[in-house]
Amino acid sequence: MRWRRGSQFATAGMAILVLAACGGSAGGGGASPATLNIAFLPKAVNNPYFDVAASGGQEAATALSGTFKQVGPSEATGAAQIPFIQTLTSQNVSAIVVSADDPDAIAPALKQAMQKGIKVVGYDSSPAKDARNVFINQADTKAIGVSQVAMVCDEISGCAGEIAVLSATSTATNQNAWIQAMKDELASNSKYSGLKLVKVAYGNDDPQVSTTETQALLTSYPNLKGIISPTTVGISAAAQVLEQTGKAGKVALTGLGTPNLMRKYVKDGTCKEFALWNVKDLGYLAYYTAALLVKGTIKGNPGEKFTAGRLGDYTIDPNGVVLLGPPFVFKADNIDQLNF
Ligand code: RAM
């Protein structure tokens, strides 16, 4: 397998480059100039995906002699994230690294934090553009949409018939952008003229709701040929439903998942392939970028270049976005090499 950038796999044995005391003024709340007091606020804390990202944040914190903590709701909604943003703001953390459940709902609270001098970095799912300094995008949005459609097509005999999407919450910035990219690809690429997207269902990144929604898809669309679930919670719940209802192998399943949650289903053929990125590196890059903002080494302006430790060099794009790298496809022949 190949990750474009350094990963826990590709860089085994590589030296970690520690960014030594960067110059520049300190940013960040009431923290003392040297303090990197950075908090991660994921969509929800009971989602293993965010624990993997947190391990990368912790790694970067150790490399930079900063502190790391993760707080967040157990339900993936913008409303549930707001009090956490307010508490972190009153605690004067130096930066908040947030995956938005709802880009607009959390924007006012994030803007209040920014007014206090707290740096805001989006990761995984971006807050509104004016409510963050930088967004760390895990992979190119279009590339994700295109690859999701290509995988479901590969797995459906003749690449024809009804397909559905099982998403996370209806307000998730990342899933909504990926679904739009899938729709664009389905509409514009004649290769997929036989595929018909009949429903976008929302499992809310909740295993139980995702299970119920998958069951409802199978009942409402008895001719369904494939499901794309671009969420680690949704795809694993859908796999379980397909297996339990005897639909494994009959209804194709692909999407975005973690190898540990999907290993069993890849091995038994319920899901032949799915994609994801290096989640630990996403957390590492998000922490690192937040730290450089706090130190004043970067301002978050388009065109700025910086080095993020063991991951190397990045540039902030015109939309204030930093791209981690391309998605990676997991299959039976590589899934045992990956453990997260
Ligand atoms: C879930 C979350 C997260 C998304 C992954 C693929 O864990 O919705 O935001 O990036 O799936």
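Relevant structure appears above.
In what follows, the accompanying structure is described. The structure presented is a predicted model; accordingly, all values stated were derived computationally and were not measured. (Residues numbered from 1 in each chain as written. Predicted model: local features only at pLDDT ≥ 70, side-chain atom pairs only at ≥ 80, totals over all residues. Heavy atoms only, no water.)

## Regarding the sheet that holds strand 9 (residues 252-255)
- Taken in spatial order, the four strands line up as 7-6-8-9 in an open sheet, and their pairing is parallel. The open sheet is flanked by strand 7 (195-202) and strand 9, the only strands paired with a single partner. Neighbouring strand axes in the sheet, compared pairwise and without regard to direction, differ in orientation by 20 degrees on average.
- Inspection of the sheet shows strand 8 (residues 224-229) paired to strand 9 by four bridges, in the parallel sense. Looking at the pairing, Ile228 lines up with Thr254 of strand 9.
- Running over the sheet, helix 6 (residues 207-220) touches strand 6 (161-167), strand 7 and strand 8 and is turned about 145 degrees from strand 7. (Pairing = 2+ DSSP bridges. Helix = DSSP H or I, 4+ residues; strand = E, 2+ residues; numbered from the N terminus. Axes fitted to C-alpha atoms, helices over the stretch in contact; angles between N-to-C directions. Contact = heavy atoms within 4.5 Å.)

## Section: the state of the cysteines
- Considering all chains together, one arrives at one disulfide under this definition.
- The residue that forms a disulfide with Cys153 is Cys159, at a sulfur-sulfur distance of 2.3 Å. Where Cys153 bonds to Cys159 through sulfur, the torsion about that S-S bond is close to -125 degrees, and the disulfide is left-handed.
- Sulfur of Cys271: no disulfide; nearest cysteine sulfur belongs to Cys153 and is 15 Å away. (Disulfide = S-S within 2.5 Å.)

## Overview of the packing of helix 7 (residues 232-244) against helix 8 (residues 259-267)
- The contact between helix 7 and helix 8 brings their axes to 10 Å, and the two run at 25 degrees. Classified by the interaxial angle, the pair formed by helix 7 and helix 8 is roughly parallel. Remark: the crossing between helix 7 and helix 8 carries left-handed chirality. For the pair helix 7 and helix 8, the contacting residues are Thr232, Ile235, Ser236, Ala239, Gln240 and Glu243 in the first and Leu261, Met262, Lys264 and Tyr265 in the second.
- For the contact of helix 7 with helix 8, the class distribution of residues is five nonpolar, three polar and two charged. (Parallel < 35°, antiparallel > 145°, perpendicular 65-115°, else oblique. Left-handed = near helix turned anticlockwise from the far one by under 90°. Nonpolar A, V, L, I, M, F, W, Y, C, P; charged D, E, K, R; others polar.)

## Comments concerning the environment of Thr270
- With respect to the element layout, Thr270 can be found in the loop between helix 8 and strand 10 (274-276).
- For Thr270, a relative accessible area of 3% corresponds to the buried category.
- As a C-alpha pair, Thr270 and Glu75 span 195 residues in sequence and 28 Å in three-dimensional space.
- Within the structure, the side chain of Thr270 is placed 2.6 Å from the side chain of Asp268, a separation counted as a polar contact. (Buried < 20%, exposed > 50% of the residue type's maximum accessible area, 1.4 Å probe, protein only. Polar contact = N/O pair within 3.5 Å; in protein donor to acceptor, adjacent residues only side chain to side chain.)

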